[in-house]
Amino acid sequence: MFESVQPAAPDPIFGLTKLFRADSNPEKINLAAGIYQDNFGKTPALECVQQAVRRIADRAVDRQYLPIDGNSRYNEAIAEVLLGADHPAIADQRYCTIQTLGGTSALKVAADTIFSLFGKKKIWFSDPTWGNHLHIFGSAGHETDSYPWIDQSRTALDFDRLTESLNQIPSGDVIVLHGCCHNPTGVDPTPEQWKTIKEIVQQRGLLTIFDIAYQGFAESLEADASIIRQFCESSDDLMICNSFSKNFSLYNERVGGLTITSGNSQICQNILSHVKRSVRGNYSNPPHQGAAIVAEVLADEQLKSLWVSELETMRSRIIEMRAAFYKRMSELLPNADFSFVIAQRGMFSFTGLNPDQVDRLRDQYSIYLLKSGRINLAGLSNDNVERVCKAIASVAN
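Residues numbered from 1 in each chain as written. Predicted model: local features only at pLDDT ≥ 70, side-chain atom pairs only at ≥ 80, totals over all residues. Heavy atoms only, no water.

Draft legend 1. Highlighting the overall build of the chain. Of the regular secondary structure elements, the chain holds 16 helices and 11 strands. Against the globule reference of 21 Å for 397 residues, the chain gives a C-alpha radius of gyration of 21 Å, in line with a compact fold. In terms of overall dimensions, the chain has a C-alpha envelope of 60 × 55 × 55 Å along the principal axes. Across the 397 residues of the chain, 52% fall into the buried class. A total of about 18200 Å² of accessible surface is found on the chain, and carbon and sulfur atoms cover 50% of it. Across the chain, the mean location of the 38 positive side-chain charges is 4 Å away from that of the 46 negative side-chain charges. (Helix = DSSP H or I, 4+ residues; strand = E, 2+ residues; numbered from the N terminus. Rg over C-alpha atoms; globule rule 2.2 N^0.38 Å. Buried < 20%, exposed > 50% of the residue type's maximum accessible area, 1.4 Å probe, protein only. Areas by Shrake-Rupley, 256 points an atom, 1.4 Å probe, with all protein chains shown as cover. Lys, Arg positive; Asp, Glu negative; His and termini not counted. Charge placed at Lys NZ, Arg CZ, Asp CG, Glu CD.)

As structure tokens, then:
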């Protein structure tokens, strides 16, 4: 049977990573993968994480399976990070949370649960969105569609077209929103724009899924979750898929969660029973270590304070790289406006480069970007920003 199988197209990001590793140029630079790097090009091992690992290692660990919904201590901590300890949804117990294998698994469990409860639905994503969104929900049996996000310059929010499109989405459909640090554009709505989006979504009766993988990388932990907390103030149904890969620098531990809020505690428990059935038919139950690390940090005031400080360092470095990139590109291409780089938030930005220019960057300079022209600014450093800017200026002319 297998003899007739043809190879599938490689994943855009992991395929580029494979090419990057095979590149023999000692000055090669990978700005495609969504991974934070420090100024020395290393993915940092956070001190709060290392301390938590040592504490866990000093204790006897029960090696039995975790429950289907994972580490309960971790799940409680997730809800507090996302919603705030004093949020009405927590006080009223109208939420439930499960541990998942990163944010990707949280999205897949959400997609499978929706299908098992309501059948095939139309899921709406921003155009553009994270490339894996369409695959995750499509493979779960859903139909996918898009609403406009950025303007023709591909650097700013096209709010008029966005709201016009949202007002046409049929009631009962599902909409996926990026909680902060929109991937791949870095373009987030203002607080007032978010308020309008919230009103439209609720008036249309849409089930909302928030994907928040970069909490703390825009302004702060609290500010970056503010729109989610506002959505949860009412009793509307909501699904929140979060990841700790970036803000804890725990990429290979696959640590995430799915949080669901609704009208009351009983509804949430009913939904939770179906979520757990989806997990059981997928990966059965999650692993121990990553969630134990995060739970250890978030349960200890000293470690949590250290985490917030280290997160601030990462966020500040990204902002500094945005400023350095903007300044040098403005000098090299004075007739072009790069102010959008300063206005956008998080790790990513669209450079405006077309696929041919991206190919030239790779072939001539060993600088790797996605075909869309998305750049990971967290991959820049004081040592390589000059080379990157000169190369971009060269292929842009």
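Draft legend 2. Layout of the layout of surface pockets. Volume-wise, the largest pocket comes out at about 1300 Å³. For the lining of the largest pocket, the elements supplying multiple residues, two or more each, are helix H1 (12-22), helix H5 (102-118), helix H6 (131-139), strand S9 (348-350), helix H15 (355-365) and strand S11 (374-376). When its residues are assigned to classes, the lining of the largest pocket shows 23 nonpolar, 18 polar and 8 charged. (1 Å grid on protein atoms, 1.4 Å probe; cavity = no way out; pocket = protein on both sides within 12 Å on 5 of 7 lines; lining within 4 Å. Points joined across faces, edges and corners; volume = space filled by probe spheres on them. Nonpolar A, V, L, I, M, F, W, Y, C, P; charged D, E, K, R; others polar.)

Draft legend 3. Expanded view of the environment of Lys28. With respect to the helices, strands and loops of the structure, Lys28 is situated in the loop between H1 and strand S1 (29-30). The exposure class assigned to Lys28 is partly exposed, which follows from its relative accessible area of 25%. Side-chain polar atoms of Lys28 contact the backbone oxygen of Asp23, separated by 2.9 Å. (Polar contact = N/O pair within 3.5 Å; in protein donor to acceptor, adjacent residues only side chain to side chain.)

Draft legend 4. Representation of helix H16 (residues 385-396) in the model. A rise of 1.5 Å per residue sets the reference length of H16, with its 12 residues, at 16 Å; its end C-alpha atoms lie 16 Å apart and thus fit the reference within 8%. Every buried residue of H16 is accounted for by Val385, Val388, Cys389, Ala391, Ile392, Ala393 and Val395. Buried residues along H16 sit against S1, helix H13 (301-332), H15 and strand S10 (367-368). (Expected span 1.5 Å × (residues − 1). Contact = heavy atoms within 4.5 Å.)

Draft legend 5. Examining the packing of aromatic side chains more closely. Taken as a whole, this structure holds 11 aromatic pairs when the rule is applied. Relative to Tyr368, the ring of Phe20 has its centre 5.5 Å away and its plane inclined at 90°; by these criteria the two rings are edge-to-face. Of this pair, Phe20 sits in helix H1 while Tyr368 sits in strand S10, and the two are 348 residues apart along the sequence. Residue classification places Phe20 among the buried positions, given a relative accessible area of 17%. (Phe/Tyr/Trp six-rings, centres within 6.5 Å; stacked < 30°, edge-to-face > 60°.)

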